[in-house]
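# Geometric and topological summary
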Amino acid sequence: MASPDIFSPAGPPQRCFLSAVFGIISHLGYFIHGEYHLQAPNIAQGFLATIAVLYASLLKFSESRIVIYRLFFPQLRHSPGPKLAAVSKLYHVSKLGKYDNFKLLDRWHRQYGDWVRIGPRELSILSPNALKAAIGRGSKCTKPPFYDITKPLISMQTSRDVSVHDKRRRIWENGFSSKGTSTPYLDYLSHSPNADPTLHSYEPRVARYATELLAYLEANAGVPINMSARFIYLSFDIVGELAFGRGCLGYEQGCRSDSTASTPKHLFYHLAKHPDMLAKLREELDPVTKDKPFEYRNITNLPYLNGLFNEVLRFHAPIPSGLQRLVLPEGITVDGKFIPGYTVIRTPTWSLMRSEKVFQRPLEFIPERWTDQPELVKVMDAYQPFSRGTDSCIGKGMALMSIKTTAALLATQMDVGLAPGEDGNDLLNHTEDIFTLSMGILDLVFERRT
Ligand code: HEM
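Residues numbered from 1 in each chain as written. Predicted model: local features only at pLDDT ≥ 70, side-chain atom pairs only at ≥ 80, totals over all residues.

What follows covers the overall build of the protein. Summing up its helical and strand segments, the protein has 17 helices and twelve strands in all. Counting the 450 residues in the protein, one finds 35% classified as buried. Taking the contacts inside the protein whose residues are at least 6 apart along the sequence as the reference set, 69% of them involve residues at least 24 apart. (Helix = DSSP H or I, 4+ residues; strand = E, 2+ residues; numbered from the N terminus. Buried ≥ 20, exposed ≤ 12 C-beta atoms within 10 Å, placed from the backbone. Contact = placed C-beta atoms within 7 Å.)

Given below as structure tokens:
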């Protein structure tokens, strides 16, 4: 059946032209100025109603209109990348395997270079300057629609309204005593005027849970143990203590992905594989822990322990695909290139942490790059595992305390090795990217230290 000619006397060429003009006007005049993903059902309804009125005369040109617009008109057209990714985000999604976004991004960067267009309005930029522009104080970027993922529930982290976020953050800070990327625990130890004993009060409780893990390992000496699970339990116990005043959440609920658990797991993988690293760590720890009650203050500033910790967070980036940020309407310039407003950008952390531009010998695990071989770090600013500024990790002090306490207690009391048949393959090659890293299996054997 022929569709009624609502723009009569216009013929098909004129309808095509009108349809294209209408599409461009609605895009430039309306859609580009805001976010409408949450109104998708309403927009879809309105769209269907419009179709009913305009019949197929407009519809048959609409898809091609959007595709052509996305391919040729926006300012991102000069950024290389898979052509279909410029047309629809579905292309990126269709190319994903099982939670392997960081590997896909890495492949695309090898193929297309440092700037890759990974969606109609989305760029992945392998550059320390992009990271600087995206996060931290003074950034002209904000949280993108990705953070609506938990709606209708909104956590502090997923809150996109800056005033709401900051209000909630001030409440959290009372509990963590953490402001931005500062280390309040060190303030406390140095008796600075900013000193706040809140974090300090968690020390005995964190040490208690780490000691319980130590006792478990002693009781199971010589037996292969899935340490992925053990570190998850520990992490949930500590966070449970923090949130609810009691642990055991890990045992009751399980969970798969957690950076406070993935960090010690990777750390002990390297210690099990490299006895020389364990020996060097003990040289540093023994004098401050042997024959005295454990005190966190004695291990906060040990260079080699810090080096190991930093290197684990570099080599096994906990948020491997990087954080997304939305460019504010005025746009930004990165490495001399203009990025228009409403573009979503990200720096792929896993690739950046393994880039020759940022580190020397980036594919080698070398804790000394953070101690006596600083020349192995070329761009210090590019290393931001806890992010920066007002959205940065508020739990950094707590994470440092729990991971270092656990590392110190286990490394000084136990010998550790890979379990028979364990080669780290599952850990290194089956890492899953679920925003943070998921827990691959790692079987280790602990023995009482000889
Ligand atoms: C090695 C361990 C950890 C790493 C690498 C890490 C990293 C990060 C990063 C990169 C962010 C920014 C996320 C974003 O912008 O979307 C963040 C935020 C956050 N982290 Fe952590 N984190 C760790 C441990 C912890 C722990 C132990 C806690 C709590 C006890 C915690 C609580 C938070 C909270 C509440 C936020 C949101 C902050 C805000 O929106 O203002 N983190 N973390």
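Before going further, it helps to examine the sheet that holds strand E2 (residues 122-125). What the five strands build is an open sheet, ordered E1-E2-E8-E5-E3; its pairing is mixed. Because the sheet does not close on itself, it has two edges, and the strands there are strand E1 (115-119) and strand E3 (141-142). With two bridges joining them, E3 and strand E5 (residues 324-327) adopt antiparallel strand pairing. Looking at the pairing, Cys 141 lines up with Val 327 of E5. Strands E1 and E2 of the sheet are contacted by helix H5 (residues 101-112), whose axis makes an angle of about 130° with E1. (Pairing = 2+ DSSP bridges. Axes fitted to C-alpha atoms, helices over the stretch in contact; angles between N-to-C directions.)

Let's shift gears to the site of the ligand. Near the ligand there are 22 residues, and of these Gln 157, Ser 259, Cys 393, Gly 395 and Ala 399 occur at the shortest range. When contributions to the shell around the ligand are tallied by element, the ones reaching two or more residues are helix H10 (227-244), helix H12 (259-273) and helix H16 (396-413). The leading source of residues in the shell around the ligand is H12, at three residues. Looking at the shell around the ligand, its residues break down into 13 nonpolar, seven polar and two charged. (Near = placed C-beta within 6 Å. Nonpolar A, V, L, I, M, F, W, Y, C, P; charged D, E, K, R; others polar.)

Okay, the sheet that holds strand E4 (residues 225-226) next. Spatially, E4-E12-E9 is the arrangement adopted by the three strands of the open sheet, whose pairing is antiparallel. This sheet does not close on itself; its edge strands, each paired only once, are E4 and strand E9 (414-418).

This part is about H16. When the terminal C-alpha atoms of H16 are compared, their 26 Å separation across 18 residues agrees well with the 26 Å that a helix rising 1.5 Å per residue should span. Burial analysis of H16 places 16 of its 18 residues in the buried class, the great majority of the element. (Expected span 1.5 Å × (residues − 1).)

The next subject is the UniProt feature "binding site: heme" (unreviewed entry) in the protein. On the UniProt side, "binding site: heme" (unreviewed entry) is annotated at positions that read Cys 393 here. Topologically, Cys 393 is positioned in the loop between helix H15 (349-353) and H16. Cys 393 has contacts with Phe 386 and Ser 387, leaving out every residue within four places of it along the chain. (UniProt positions renumbered as here; feature names shortened; annotations may be inferred.)

Another aspect to go through is the pairing of strand E12 (residues 443-448). In terms of strand pairing, E4 meets E12 through two bridges, oriented antiparallel. Bridge pairing in E12 links Asn 226 to Asp 443. Pairing geometry for E9 and E12, over five bridges, is antiparallel. Among the inter-strand pairings, Gly 417 is bridged to a residue of E12, identified as Val 445.

On to the environment of Ile 154, then. On the secondary structure map, Ile 154 appears in the loop between E3 and helix H7 (162-176). Along the backbone, Ile 154 and His 165 are eleven residues apart, and their C-alpha atoms lie at a distance of 9.7 Å.

With that out of the way, let us pick up the nonpolar core. Generally speaking, a soluble globular protein has its nonpolar side chains buried in company with each other. With 87 residues, the main nonpolar core has Ala 134, Phe 268, Leu 271, Ile 345, Ala 411 and Leu 444 as its most contacted residues. With ten residues, H16 is the single largest residue contributor to this core. Split by domain, the residues of this core number at least three in each of domain 2 (82-176 + 319-353) and domain 3 (184-313 + 380-448). Not counting the four nearest positions on each side in its chain, Phe 268 is found in contact with Met 227, Val 416 and Leu 444. (Core = buried A, V, L, I, M, F, W, Y, C linked by C-beta atoms within 7 Å. Domains from an automatic or database assignment.)

On to the packing of helix H9 (residues 203-219) against H16, then. With their axes 9 Å apart at the nearest point, H9 and H16 run at an angle of 40° to one another. One way to sum up the angle between H9 and H16 is to call them oblique. Between H9 and H16 lies a crossing of right-handed hand. Facing H9, whose interface residues are Glu 203, Val 206, Ala 207, Ala 210, Thr 211, Leu 213 and Leu 214, H16 presents Met 401, Ser 402, Thr 405, Thr 406, Leu 409, Leu 410 and Gln 413. Split into classes, the residues belonging to the contact of H9 with H16 amount to eight nonpolar, five polar and one charged. (Parallel < 35°, antiparallel > 145°, perpendicular 65-115°, else oblique. Left-handed = near helix turned anticlockwise from the far one by under 90°.)

Our next topic: the confidence of the model for the protein. For any part of a model where pLDDT is low, the fine detail of the predicted coordinates should not be relied upon. With 84% of its residues at a pLDDT of 70 or more, the protein has an overall mean of 85. Here residues 1-10 scores under 50 on pLDDT; set against residues more than four positions off or in separate chains, the count is twelve contacts. A low-confidence stretch, residues 178-196 stays under pLDDT 50, and its non-local contacts, those more than four residues away or across chains, total 34 contacts. (pLDDT = per-residue confidence, 0-100.)

Next up on the list: the environment of Leu 363. Inspection of the secondary structure assignment puts Leu 363 in the loop between H15 and H16. Taking C-alpha positions, Leu 363 is 9.0 Å from Met 353, a pair spaced ten residues apart along the chain.

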